[in-house]
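# Reading the structure
Chain by chain, the residues:
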Amino acid sequence: MSGLRDWWIEGHGLRARFTDWGAALMDLRLDGHDAPLVLGFDDPNLYPDHSRYFGATAGRFANRIGDARFALDGVTYQTDTNFLGRHTLHGGSKGTGKREWEMLDHEVDAIRFGVRLADGEMGFPGAMRLEALFTCAPGACLRIDYRATCDAPTICNLAHHSYWCLDDTGDLARHTLKVAADRYTPVDDGMIPTGVAPVDGTRFDFRGGRALPGEGLLDHNLCLSDARVALRPVGVLLSDASGVQMAIATTEPGLQVYDGAKLDVHAPGLGGRRYGAHAGVALEPQIWPDAPNHADFPDATLRPGETYRQTTTFTFSKG
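Just so you know, these numbers come straight off a predicted model, no measurement behind them. (Residues numbered from 1 in each chain as written. Predicted model: local features only at pLDDT ≥ 70, side-chain atom pairs only at ≥ 80, totals over all residues. Heavy atoms only, no water.)

The subject of this paragraph is the overall build of the protein. Check the secondary structure of the protein and you find one helix and 26 strands. In summary, the protein has a C-alpha radius of gyration of 18 Å against a globular reference of 20 Å for 319 residues, a match within 12%. Seen along its three principal axes, the alpha-carbon backbone of the protein occupies a region of about 55 × 50 × 40 Å. Residues classed as buried in the protein amount to 57% of the 319 residues present. Taking the intrachain contacts of the protein between residues at least 6 apart in sequence as the baseline, contacts between residues at least 24 apart amount to 66%. Within the structure as shown, the protein displays about 12,000 Å² of accessible surface, and the carbon and sulfur contribution to it stands at 48%. For the protein, the centre of its 31 positive side-chain charges and the centre of its 42 negative side-chain charges are spaced 0 Å apart. (Helix = DSSP H or I, 4+ residues; strand = E, 2+ residues; numbered from the N terminus. Rg over C-alpha atoms; globule rule 2.2 N^0.38 Å. Buried < 20%, exposed > 50% of the residue type's maximum accessible area, 1.4 Å probe, protein only. Contact = heavy atoms within 4.5 Å. Areas by Shrake-Rupley, 256 points an atom, 1.4 Å probe, with all protein chains shown as cover. Lys, Arg positive; Asp, Glu negative; His and termini not counted. Charge placed at Lys NZ, Arg CZ, Asp CG, Glu CD.)

Shown next as structure tokens:
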């Protein structure tokens, strides 16, 4: 793959760089803080072979679908088995985070991408049209607006997949995460949810703030609500090494938290940085994983005439 393009937008104390591969955020800078706030590469042509969904828009169904199958309106669909040889991850091997998008509009402080998905692609029903709008908004805020429509009943779940690191120490050891979630989805050995459980007394209780990376693999969904709601604050990530804080707000019912435990990237990152285990944390607002296979999970169905809408904001400050 060669010839991928990139663009900068800036305003209100932020500068952000994007590529058409996965509609990915390549780099993000905050005025008064020299280091990048995300993991990425200087060369957009490194993304197809080396990115771990760095900054990508994951879909058409972000996260996992157990046994790579789901039923909709009485029909069972078999989707691409790109995770552990039996499950679907982030829409399959050619999901939205693993393909080129079209740059539709580029302004000083905003950029919009679009992509079309064919009926049956990766096993999913219905042709879809997706758009992603990124804006440097007032208050040092990166605003992300996703929209999608379809021509037949399908499922839709998009997630922004940046790995965040708010200092330049090389890992998450000086980071604290706070999330307003009183439940989470436990998983089996295939990382597929087995139900819903309270966070009380577990390492998944981030309500009062917890240090990262913590003990054991953290790659779990925290339950924010039972359905998509109006935009509201849900969490804060803070580095005490830099004093940079990131406040998260979203319309989504879940927040997948992955602490980057398995990162081992051999291509040079931004400024030649080395990305190893816990180099960044992915905080992915979305519908709960494997939702189509759980009647009591938020509904991911999208039907003709409806428009999927998600808004997520990441707002930065430095103490």
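Tracing the backbone through its elements, the reader meets His-50 in helix α1 (residues 47–50). For the pair His-50 and Pro-268, spaced 218 residues apart in sequence, the C-alpha to C-alpha distance is 9.5 Å. Sequence-distant contacts of His-50, that is, excluding residues within four places in its chain, are made with Phe-41, Val-265 and Ala-267.

Time to look at the pairing of strand β26 (residues 308–318). Both faces of the sheet carry side chains from a regular strand, because those side chains alternate between them. Bridging between strand β12 (residues 141–150) and β26 involves eight bridges; their strand directions are antiparallel. When the bridges of β26 are listed, Tyr-146 appears paired with Gln-310. Pairing of strand β22 (residues 244–250) with β26, which is carried by seven bridges, proceeds in the antiparallel orientation. Paired with Ala-247 across the strands is Thr-315, a residue of β26. (Pairing = 2+ DSSP bridges.)

For the rest of this paragraph, the subject is the sheet that holds strand β17 (residues 183–184). Overall, antiparallel pairing links the six strands, which are arranged β15-β24-β23-β20-β17-β18 in an open sheet. Looking along the sheet, the strands with just one partner apiece sit at the ends: β15 (163–164) and β18 (197–198). Pairing of strand β20 (residues 219–223) with strand β23 (residues 254–258), which is carried by five bridges, proceeds in the antiparallel orientation. Across the sheet, Cys-223 pairs through a bridge with Gly-254, a residue of β23.

Cis geometry is adopted by the peptide bond preceding Arg-60, which originates at Gly-59 and carries an omega value of 5 degrees. Tracing the sequence through the fold places Arg-60 in the loop between β4 (56–58) and β5 (64–65). A cis amide bond, omega 0 degrees, links Leu-212 with the succeeding residue Pro-213. If you trace the backbone, Pro-213 turns up in the loop between β19 (210–211) and β20. A positive phi angle, close to 65 degrees, is found at His-278, a residue other than glycine.

So, about the confidence of the model for the protein. Mean pLDDT over the protein works out to 97, with 99% of the residues at or above the 70 mark. Taken element by element, the protein is modelled with least confidence in β19, mean pLDDT 97, and with most confidence in β22, mean pLDDT 99. (pLDDT = per-residue confidence, 0-100.)

Let's shift gears to the side chain of Gln-286. Tracing the chain through its elements places Gln-286 in strand β24 (residues 281–286). Of the polar contacts made by the side chain of Gln-286, one reaches the backbone oxygen of Glu-284; its length is 3.1 Å. Ignoring sequence-local partners within four residues, the contact set of Gln-286 consists of Ala-62, Asn-63, Asn-157, Leu-158, Ala-159, Glu-252, Pro-253, Gly-254 and Gln-256. (Polar contact = N/O pair within 3.5 Å; in protein donor to acceptor, adjacent residues only side chain to side chain.)

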